[in-house]
Amino acid sequence: MSLFYNTSVQYLKGVGPKLGQMLERRGVATAGDLLEHYPRSYEDRRSARNIAGLRADELVSLVATIMRVSSVPMGKSYRKIYEVVVSDGSGKLACKYFRVPYKGYFERFQPNMKVRVSGRVTEYRGKVQMQHPDIHFYDEAEEDGDKILPIYSEIDGIKDGKIRSLIGQVIDKLIDNPAPLSDVDIKIGKSKGVPDAFPQWLIKKYDLMNRGEALRSLHLPEQGESLQYIDYKTKAHERIIFEEFFWLELHLARKKKGIQREKAISLNKPSPLVNKIKSELPFILTGAQERTLTDIFTDLKKSHPMHRLVQGDVGSGKTLVGLLACVHAIENGYQSAFMAPTEILAEQHYKTACKLLNPLGIKVSLLIGSLKEKHKKEIYENLTSGETHLCIGTHALIQDRVEFKNLSLAIVDEQHRFGVDQRSKLKRKAISPHFLVMTATPIPRSLAMTVYGDLDVSIMDEKPAGRTPIVTRKAFESKRDKVMGFLADQINKGRQGYIVYPLVEESEKIELKNAMDEFEKLKKMFPKFKFGLLHGRMKSDEKDAVMREFRDGKTDILVATTVIEVGVDVPNANIMIIEHSERFGLSQLHQLRGRVGRGEHKSYCVLMLGYAMSDVSKLRAEIMESTEDGFKISEKDLEIRGPGEFLGRKQSGLPGFKIANLIRDQKVLQASKEAAFELIDRDPELKSDEHAEILNILQRNTEFTVG
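In this text, all values refer to a predicted model and were calculated from it rather than measured experimentally.

Regarding its fold elements, the protein presents 25 helices and 21 strands. Put simply, the protein has 707 residues, and 52% of those count as buried. Approximately 33,100 Å² of the protein is accessible, and the part contributed by carbon and sulfur atoms is 49%.

Below, the structure written as structure tokens:
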């Protein structure tokens, strides 16, 4: 029987219906899917060693016998550290796991079982060990001697040897010895061997391996290139990684091309009021603010819509830049809209705007959900008539009743807090408005290229002069009394402070301090101080009331959850204590810390660490102590967590890359982006014959969608 890329796996020799269904449940339905079931790692059995000769940082594979499997709790946490101790007669080796690879992983192992252990050797307190190595049962029949072997993710207990056998069968019939096509095959559109959608000009320009050869090499490694395979640095890996990035970048390139074809109002008149505001400010704009304004004004003068992302670190002055962009649009005779995620943040922007713009005759309105209906109706009328030049608001801005006379610039602050539909609704308040999105969550360049490839990006990585550095220190439970005493000293000096907790209330599953219980304890501990409580389960108007009291100095200490991550400037608040800081990611810690250090007073952030502290938790705390640079922190966060968890899979819009890695493969990512954008420049509609298969693939796949 002839084998094609889309032939069902059930028809492979040694499969059948039952095994075929098991494979299909894991997304391996066809012969092509088997080829695209890439090795998750490689095992160089030529580097096999005995335990006695192991040295730190070596990548090795060895055969040993299990002595014991055990687990110990991580402090008072429900989490555990698992340990599998093995011996090969020359010595013992502890294999440690800080997380369970999958349910039932450790239950498989019993004393006296013979296993193969592969991984990188580390050293702890003078003894060698491995962290999260691959352990699989030793099967003498499957031992392939001294060679590099591909290791695959388990499929319902199917052994690696079986997977290698099936993939070898597909390689033989599809790549090495493809059957000739019959007239019927050709008539119904069957293709010989492995399909490759890339045109020859692209393969040649970027020195890419043929797709079929690349797939063969991934599954049948060249024996002289062990380190290149283990590090994903072979030409075969480069081709497949390039391909995975390319499809996403091509979607973004087409999206950007579509934006450039839209017509927008060119705001090309000079804006003397912008210069007047800048000259009257009590400070000079940073170089990053000036560069970003130049980017924005250049975009606004074009005849197609601006689509720009401004990434500004905490306290870098994004709001002022956004307001000056609004002034430019207003001076050109058009309205602007500025949308913020919370009422209190919208109010803060409104007060800043009124102070700057009202003396210049610019009418600013605030539209938020808590306004009385009579007041809302008045604002609706002013927007329709054009009397309101700038409207600042929350989700209330995108209600159906809101109509602008001539909106030309829409700004979304803290854009990650809004969904794609909400941003789109604001854009639809005008015909092709200029669109600016801002975020205080620094995103590493490699990730911004991928997730926001259809946007132009401006980076604001400088803080205005006069911002006080924040002293950050980690502290353990033994230092609690000293930390609380220091907090009291600051409050007695007239300052205010935050105490942040990971939970709202007590949990049966997790032994952590929580905001509600600790709020009551703190009031008894410090009876002279006034406390506020803020958490995500409160209604919006309740949260806003609590924040207003804190902002106005009516409360001394705000006990809160991460709801304050993006919030209001309270210059008098100069100390933050983050309880169980090991429970927070780096970017989140950075955002929380950004609530202090906004005034003239020396500021402090204390990272309280609980008992369940892993090496990663300790590393996060050390990074926070060493830098306030949000972009450096975001790079480290991406390295630690990976892109999917860094952004949140649903929010990120990233397709599930199988082997591409945004950190490791940045050069390949850049090349794939250049190739995708060049392709769209050459053939915007993908109408030429050499690009027909690329168009077919894009039309068949909906996963390449980024919000």
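Turning our eyes to something else, we now look at the packing of helix 3 (residues 160-176) against helix 6 (residues 211-219). The geometry of helix 3 relative to helix 6 is characterised by a closest axis approach of 11 Å and an angle of 155 degrees between their N-to-C directions. Comparing the axis directions of helix 3 and helix 6 gives the class roughly antiparallel. Helix-helix and strand crossings are classified by hand; for helix 3 and helix 6 the assignment is left-handed. Contacts from Ile-167, Ile-171, Ile-175 and Asp-176 in helix 3 reach Gly-212, Leu-215, Arg-216 and His-219 in helix 6. Looking at the contact of helix 3 with helix 6 residue by residue, the class counts come to four nonpolar, two polar and two charged.

When the terminal C-alpha atoms of helix 24 (residues 666-682) are compared, their 24 Å separation across 17 residues agrees well with the 24 Å that a helix rising 1.5 Å per residue should span. When we look at burial in helix 24, the residues that qualify are Val-668, Leu-669, Ala-671, Ser-672, Ala-675, Ala-676, Glu-678, Leu-679 and Ile-680.

The tally for this structure, following the rule as stated, stands at 33 salt bridges. Between Lys-474 and Glu-625 there is a salt bridge, with the nearest N and O atoms lying 3.0 Å from each other. Residue Lys-474 is found in strand 16 (residues 470-476), and its partner Glu-625 is found in helix 20 (residues 615-626); the two are separated by 151 residues along the sequence. Residue class for Glu-625 comes out partly exposed when judged on its relative accessible area of 27%. Sharing partners across several salt bridges, the network here consists of Glu-36, Asp-196, Arg-211, Arg-239, Glu-243 and Lys-658.

Here we come to the confidence of the model for the protein. For the protein, per-residue confidence averages 85 on the pLDDT scale, and residues scoring 70 or more make up 89% of the total. Taken as a whole, residues 649-653 scores under 50 in pLDDT and shows eleven contacts with residues more than four places along the chain or in a different chain.

The biggest cluster of nonpolar side chains holds 131 residues, and the ones touching the most others in it are Phe-242, Phe-246 and Leu-390. It is helix 8 (residues 235-261) that provides the largest number of residues to this core, a total of eleven residues. Among residues more than four places away in sequence, those in contact with Phe-242 are Phe-198, Leu-202, Tyr-206, Leu-208, Val-668, Ala-671, Ser-672 and Ala-675. The next biggest cluster of nonpolar side chains, apart from the first, holds 28 residues, and it includes Met-547, Ala-560, Leu-592 and Ile-633.

Turning to the pairing of strand 19 (residues 557-560), a few remarks are in order. Side chains of strand 19 alternate between two faces, with Ile-557 and Val-559 and Leu-558 and Ala-560 buried alike. Examined bridge by bridge, strand 17 (residues 496-500) and strand 19 share four bridges and lie parallel to one another. Within strand 19, the residue paired with Ile-499 across the bridge is Val-559. Both strand 18 (residues 531-534) and strand 19 contribute to a ladder of four bridges, which runs parallel. The residue bridging Leu-533 from the neighbouring strand is Val-559, located in strand 19.

Calculation notes
Residues numbered from 1 in each chain as written. Predicted model: local features only at pLDDT ≥ 70, side-chain atom pairs only at ≥ 80, totals over all residues. Heavy atoms only, no water. Helix = DSSP H or I, 4+ residues; strand = E, 2+ residues; numbered from the N terminus. Buried < 20%, exposed > 50% of the residue type's maximum accessible area, 1.4 Å probe, protein only. Areas by Shrake-Rupley, 256 points an atom, 1.4 Å probe, with all protein chains shown as cover. Axes fitted to C-alpha atoms, helices over the stretch in contact; angles between N-to-C directions. Parallel < 35°, antiparallel > 145°, perpendicular 65-115°, else oblique. Left-handed = near helix turned anticlockwise from the far one by under 90°. Contact = heavy atoms within 4.5 Å. Nonpolar A, V, L, I, M, F, W, Y, C, P; charged D, E, K, R; others polar. Expected span 1.5 Å × (residues − 1). Salt bridge = Lys/Arg side-chain N within 4 Å of Asp/Glu carboxyl O. pLDDT = per-residue confidence, 0-100. Core = buried A, V, L, I, M, F, W, Y, C linked by side-chain atoms within 4.5 Å. Pairing = 2+ DSSP bridges.

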